[in-house]
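# Descriptive analysis of the structure
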Amino acid sequence: QVHLVESGGGLVQAGGSLRLSCAASSAIFSINAMGWYRQAPGKQRELVARITTRGRTNYADSMKGRFTISRDNAKNTVYLQMNSLKPEDTAVYYCHSEGPAGSFWGQGTQVTVAS
């Protein structure tokens, strides 16, 4: 059973923008916090941004001011708007949901930033 479906990754030039989307089942989205993590080759998975059901957000320091997480409760979808992308942002980005409904991961979407 697939709970999280990501989309929006791709190849972009440095300085460009991408928007990632993650659609969740309503049972999860309504009660769980949502977040984005990323994992670059040879590195550990790290938090990018997180948003609670009430819209409270937190970001990793290196993403502050460049990335914006948001959620559309009507569409059960969380977004990650990424601006001013850098080659070091290249990674697989994973959607994550955690809360009373349990913990779930998406399949990941590749983001590649060319210099």
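Refer to the structure presented above.
Residues numbered from 1 in each chain as written. Predicted model: local features only at pLDDT ≥ 70, side-chain atom pairs only at ≥ 80, totals over all residues. Heavy atoms only, no water.

### Comments concerning the sheet that holds strand E1 (residues 4-7)
Selection criterion: One requirement defines pairing of two strands: DSSP has to find at least two bridges between them. Strands are runs of DSSP state E lasting at least two residues, helices are runs of H or I lasting at least four, and both sets are numbered from the N terminus onward. Lines fitted to C-alpha atoms define the axes, with helix axes restricted to the stretch in contact, and inter-axis angles between N-to-C directions lie between 0 and 180 degrees.
As summarised here, the arrangement of the four strands in space is E1-E3-E8-E7, forming an open sheet in which the pairing is antiparallel. Where the open sheet ends on each side, the last strands, each with one partner, are E1 and strand E7 (67-72). Mean inter-strand twist for the sheet, computed between neighbouring axes without regard to direction, equals 15°. Direction of pairing for E7 relative to strand E8 (residues 77-82): antiparallel, over a ladder of six bridges. Each residue of the ladder has a partner; that of Ile-69, found in E8, is Leu-80.

### Description of the state of the cysteines
Quick note on the threshold: For the purposes of this analysis, a disulfide is any pair of cysteine sulfur atoms at a distance within 2.5 Å. Exposure classes here rest on a 1.4 Å probe applied to the protein chains alone. A residue is buried below 20% of its type maximum, exposed above 50%, and partly exposed in between.
Here the structure, examined in full by the defined rule, presents one disulfide. One disulfide bridge connects Cys-22 with Cys-95, the sulfur atoms lying 2.1 Å from each other. With the S-S bond torsion at -85°, the cross-link from Cys-22 to Cys-95 turns out left-handed. With Cys-22 in strand E3 (residues 18-24) and Cys-95 in strand E9 (residues 91-99), the pair connects residues that are 73 residues apart, well separated along the chain. Like Cys-22, the residue Cys-95 is buried in the burial classification.

### Let's talk about the side chain of His-96
Here is the rule: In the analysis that follows, any N or O atom pair within 3.5 Å is treated as a polar contact, provided that within protein one partner can donate a hydrogen and the other can accept it, and provided that, for residues neighboring in sequence, both atoms belong to side chains. Note on contacts: a residue pair is in contact if any heavy atoms of the two residues lie within 4.5 Å.
Tracing the sequence through the fold places His-96 in strand E9. By relative accessible area, His-96 is classed as buried at 7%. Engagement of the side chain of His-96 in a polar contact is seen with the side chain of Ser-103, the distance being 3.0 Å. In contact with His-96, other than residues within four places in its own chain, are Leu-4, Ala-33, Met-34, Gly-35, Tyr-37, Ser-103, Phe-104 and Trp-105.

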